[in-house]
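# Structural description and commentary
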Amino acid sequence: MTFAQGASAQDVQGTQDEPAAQGTASGLNTITVTAQRREESLQDAAIPINAVSGDELARTGVVDATQLNKVAPALYVPEAGGANVGYFIRGVGNFANNGYTNPAVAFNLDGVYIGRPSSTVASFLDVDRVEVLKGPQGTLYGRNATGGAVNVIPNAPRLGVLEGSVSAQYGNYDAIQTTGIINLPVGDSIAARLAGTYSERDGYYDDGTGSAEDLALRGQLFFEMSPAADLRISADYSTQKGTGPGLNVDGVYTFAPFTPNATVPNWQFIEAPASVREPFTGLFAPQSLEFIEDNATAAPLYSPVEGYAYPYRNDEYLGINAEFNLDLGGADLVLIPAFRRSQLDNQFNGPPFKAGINQDTAEQFSIEGRLSGDAGPVEWLLGAYYFDESVEGVNSYNQFSTTSFQDFATDTESVAVFARASYSLTEDFRVVGGIRYTDESRSIDAVSISTTGVCLRESAFGPPSCPQVPTIPVGLTLQDSLEQLDPALFPAGSPLDRPVPYGAFPYGPFGPMGPQALLINTPTEIVRSSGDEEITWRAALEYDATPDNLLYASFETGFRAGGFNLTFGQEEYDPEYIDAYTLGSKNSFFDNRLQLNFEAFYWEYRGQQLAALGIDDRGNNSFYTRNVGESSIKGAEIDFQALLTETTLLRGGVQYLDATYDTFVYEQVDLSDATDPPNFLTPITGCDYTQNLGAQRTFTVDCSGKPALNAPDWTLSLGVQQTFEMRDYEVIATLDGRYRSDRVIGFNYLPTGNSGDDVTLDASISLVPYDRGFTASIFVRNLTNESMRSLYQLGAANVASATLEPPRTYGLRLGYEF
């Protein structure tokens, strides 16, 4: 899908040093993309891809990856807690990217694969274009990705040009944003480009959460060393502060054994009152906290569920990369070395934890080399890639009665060689092939301590109760947490008084019958190494039916490497694989006044990795990745642009998606014992399950036949852009609508865990100079203030919550271009 306005008389053909968006005197603008490691127009790229220019990103309000669904219907980027974001393309993805998991959708900034794609602020600064590739990227891209890739390409320095812009924006929620960009000529063969932006806003939620304060800077130098060689060096720095995403409390699932008509077997959903469920109320609103305390109980300590820690973010990112291009005469050489550093320091509540804390430092080095050329009917490319990443983290996840303290160090090394060739059988018909060999090794050295409070006061009716025993305090480490407790709560001595603080300790006020509770510290040490070797490949046919009509068919394989969990009994998981069949057509009609593109796809997904909350083999709560089965993903996508008049553009698209789990089966520990009847402490799930009775009781949970996560059957968009020409300016008015059908947004497939249908409208009016000068824009996003749930999670004490997409926002932006 291309979002571009009709070309005006001032449009000129782009050159090597100009931005990618180009136009002609009559007809639709085109966008030059480099998704296949060569420059070509979007309409000539015989791959499933959406692309949008930087100007249109700004006009449509896309300032980070979470909003890219506006321009790429296949992509969903729900926010989880802290810096975690999940990337999904047509149901292929993962909810979170932590220090020991790999993303299913590759995020590439300026040609560099980013292993920890938690920062998007610097990425969307001074952007030339964004490309969203759909389906496995198994031949041309840094590390293999099963779902697809998001490529963010910033504007590069331009030789011999002094230009720039400044802008300031203000909107509701006291949102401000200031941006400055300048391109400086430094002699005849050197250019510099500097860009920076600062933004902040109040929280979207009534409790103040959902606030943000972001800073992003980028500097670039371009050297034309000779007519055959050039070098570009880039450095970026960004910070993200504020609270991070908030959440809305939906209700609580309470244990109701053998209750007829329970929401799911043995579990009754207690819906929060309207004052709590009202969109953007927030977890920390007094009525939300009161509802949780009155209705939720965190097993196995059964103490009051209170004391949620308020979230914050203080995350920092740094990147340095270069691109060296050399014309060797018969071939072109490209070298891209890069270094990136990510430092996370955040505290969050989603899913409804008392607190999750991440303090991670990730460093990566990569270098990619490509040699390409053509010989008669053959265009060829050879490449090699090296990636080395180390992550050190100290995390804790506090769920009131249980806390997981994690201290880990991981190392990943990936080496790949790849090749691609296109052979023109005739002037119009091409055969394309690509292959890649990947050798990846990884290691982990980690200690995870599971701390559990267990109430010993049995009740004649109902569950145990320990109201006088405090839940586990929030702290980054076991020592941080236990130091906050009164030593008198440990009648036999604190765990911190022991040389090794592991084992069971009497906990709480001492009564006539002994201690009220136990505090149990259980370590899990994980020292492992592993690796994967894989060959992935692509084969395609391309046919130019006319110079303006392209047909293509392709088959491509992809894989995502396995990895580690900090979870007892689930320490490792295997790679996942995907095969993708695509049939597509790209068409321009009426002198490029109409573009109509079609894509049909069928994906076979095997060994799918899915990260979610579960129970380890000791019965402790844990968040871990597992291989759950196979999926069939099929559908079709159509997008179009029509220049109805020289000043009226109509655009839109529709995607139909049928993404279903053919097999989705996993094991979960059963916490009941021999004294309990069968199917007593059953999983909280909307899936089928079978209890396995034995020395260790388990449940086999079967979600086969369920729809994939974040995969609506229908996604439709329709927009109109009207340009009003003036003497020195043009006024551009836009109105864009989007419909998404109901979709599953929660791992547990609970009947309460769907998004519902939603319809949104965005509008803007912009004053744009033909050349340079004053600019102005007013905008409104989510005009009807639709409440849209993007992620549904069941957290501590079975409190269910939803993360919401932004509410209605509006504002005014003023700027000056020179």
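Here the focus is the overall build of the protein chain. In terms of regular secondary structure, the protein chain is built from four helices and 44 strands. At 28 Å, the protein chain has a C-alpha radius of gyration in line with the 28 Å of a compact globule built from 818 residues. Each of the three principal axes of the protein chain carries a C-alpha extent, and together these read 90 × 50 × 50 Å. When each of the 818 residues of the protein chain is scored for burial, the buried share is 57%. Within the protein chain, counting contacts between residues at least 6 apart in sequence, those at least 24 apart form 65% of the total. When the accessible area of the protein chain is evaluated, it comes to approximately 30,900 Å², of which 56% is carbon and sulfur surface. The average position of the 48 basic charges and that of the 103 acidic charges among the side chains of the protein chain differ by 2 Å.

We now examine the nonpolar core. Among the nonpolar cores identified, the biggest contains 50 residues, and L68, F124, V130 and F664 are the most heavily contacted of them. Among the elements that line this core, the one with the most residues is strand β35 (residues 648–669), at five residues. Not counting residues up to four positions away in its chain, the partners in contact with L68 are L57, V62, L75, F124, V130 and V150. A51, A106, Y113 and A416 belong to the second-largest nonpolar core, a separate cluster that totals 20 residues.

A few words on the sheet that holds strand β4 (residues 49–53). Taken in spatial order, the five strands line up as β4-β10-β11-β8-β9 in an open sheet, and their pairing is mixed. Sheet topology places β4 and β9 (112–113) at the edges, where each strand pairs with a single neighbour. Here β4 runs beside strand β10 (residues 127–134); their pairing, made up of five bridges, is antiparallel. Bridging from a neighbouring strand, V52 pairs with V130 of β10.

This part covers a negative patch on the surface. Residues D388, E392, D407, D411, E413, D439, D445, E525 and E533 make up a contiguous surface patch of negative charge. For the negative patch, the elements supplying multiple residues, two or more each, are β22 (378–398), β23 (402–424), β24 (429–455) and β26 (514–546). It is β23 that contributes the most residues to the negative patch, three residues altogether.

With that out of the way, let us pick up the pattern of salt bridges. A complete count under the given rule lists 39 salt bridges for this structure. As a salt-bridge pair, R560 and E576 come within 2.9 Å of each other at their nearest N and O atoms. Here R560, found in strand β27 (residues 549–560), pairs with E576, found in strand β30 (residues 576–589); they are 16 residues apart in sequence, far enough to count as distant. E576 matches R560 in its accessibility class, with the two residues each being buried. Residue D728 is joined to R727 by a salt bridge in which the shortest nitrogen-to-oxygen separation is 3.4 Å.

It is worth spelling out the packing of aromatic side chains at this point. Tallied over the full model, the rule gives 29 aromatic pairs. Measuring from ring centre to ring centre gives 6.4 Å for F589 and F590, while their planes differ by 50 degrees; the resulting arrangement is tilted. Aromatic pair Y666 and F747: ring centres 5.6 Å apart, planes at 40 degrees, arrangement tilted. Placement of Y666 in strand β35 and of F747 in the loop between β39 (729–740) and β40 (758–769) is noted, with a sequence separation of 81 residues between them. Taken together through their ring pairs, the aromatic side chains of Y661, F664, Y666, F747 and Y749 make up a single cluster. Over the ring of F564 we find R442, and its NZ or CZ is 5.9 Å from the ring centre. Here R626 stacks its cationic end above the ring of Y666, 4.8 Å away from the centre of that ring.

Quick look at the pairing of strand β32 (residues 609–615) now. Counted residue by residue, β32 has six buried out of seven residues, so it is predominantly covered. Between the end of β32 and the start of strand β33 (residues 621–627), which pair antiparallel, lie five residues, with G619 showing a positive phi angle near 90 degrees.

Moving on, we get to the sheet that holds strand β5 (residues 75–76). The strand order across the open sheet built from three strands is β5-β6-β7, with neighbouring strands paired in antiparallel fashion. Looking at which strands have only one partner, the edges of the open sheet turn out to be β5 and β7 (92–94). Both β5 and strand β6 (residues 87–89) contribute to a ladder of two bridges, which runs antiparallel. What sits directly across from Y76, in β6, is F88.

Looking at where D762 falls in the secondary structure, it is placed in strand β40. Taking C-alpha positions, D762 is 5.9 Å from L783, a pair spaced 21 residues apart along the chain. A polar atom in the side chain of D762 sits 2.8 Å from the backbone nitrogen of N782.

All right, on to the state of the cysteines then. Inspection of every chain in the model, using the stated rule, returns two disulfides. The disulfide bridge from C687 ends at C703, spanning 2.0 Å between sulfur atoms. Disulfide C687-C703: the torsion about the S-S bond is 105 degrees, which places it as right-handed. With C687 in the loop between β35 and β36 (688–692) and C703 in the loop between β37 (698–702) and β38 (714–725), this pair connects stretches of sequence that are 16 residues apart. Taken as a pair, C687 and C703 share a single burial class, namely buried.

Quick look at unusual backbone geometry now. A cis amide bond links A299 with the next residue in sequence, P300, at an omega value of 0 degrees. Relative to the assigned elements, P300 resides in the loop between α3 (286–295) and β19 (312–327). Residue P351 follows G350 across a cis peptide bond; omega there is 0 degrees. Relative to the helices and strands, P351 is located in the loop between β20 (332–348) and β21 (355–375). A positive phi angle, near 50 degrees, is found at D174, a position not held by glycine. Turning to its location among the elements, D174 is positioned in the loop between β12 (163–171) and β13 (175–185). Its relative accessible area of 42% is what places D174 among the partly exposed residues. One non-glycine residue with positive phi stands out, namely N679, at about 50 degrees. Tracing the backbone shows N679 in the loop between β35 and β36. Residue classification places N679 among the partly exposed residues on the basis of a relative accessible area of 33%.

What counts and how
Residues numbered from 1 in each chain as written. Predicted model: local features only at pLDDT ≥ 70, side-chain atom pairs only at ≥ 80, totals over all residues. Heavy atoms only, no water. Helix = DSSP H or I, 4+ residues; strand = E, 2+ residues; numbered from the N terminus. Rg over C-alpha atoms; globule rule 2.2 N^0.38 Å. Buried < 20%, exposed > 50% of the residue type's maximum accessible area, 1.4 Å probe, protein only. Contact = heavy atoms within 4.5 Å. Areas by Shrake-Rupley, 256 points an atom, 1.4 Å probe, with all protein chains shown as cover. Lys, Arg positive; Asp, Glu negative; His and termini not counted. Charge placed at Lys NZ, Arg CZ, Asp CG, Glu CD. Core = buried A, V, L, I, M, F, W, Y, C linked by side-chain atoms within 4.5 Å. Pairing = 2+ DSSP bridges. Patch = residues over 30% accessible without salt bridge, like charges linked within 9 Å, V, L, I, M, F, W, Y side chains within 5 Å. Salt bridge = Lys/Arg side-chain N within 4 Å of Asp/Glu carboxyl O. Phe/Tyr/Trp six-rings, centres within 6.5 Å; stacked < 30°, edge-to-face > 60°. Lys NZ or Arg CZ within 6 Å of the ring centre and 35° of its normal. Polar contact = N/O pair within 3.5 Å; in protein donor to acceptor, adjacent residues only side chain to side chain. Disulfide = S-S within 2.5 Å.

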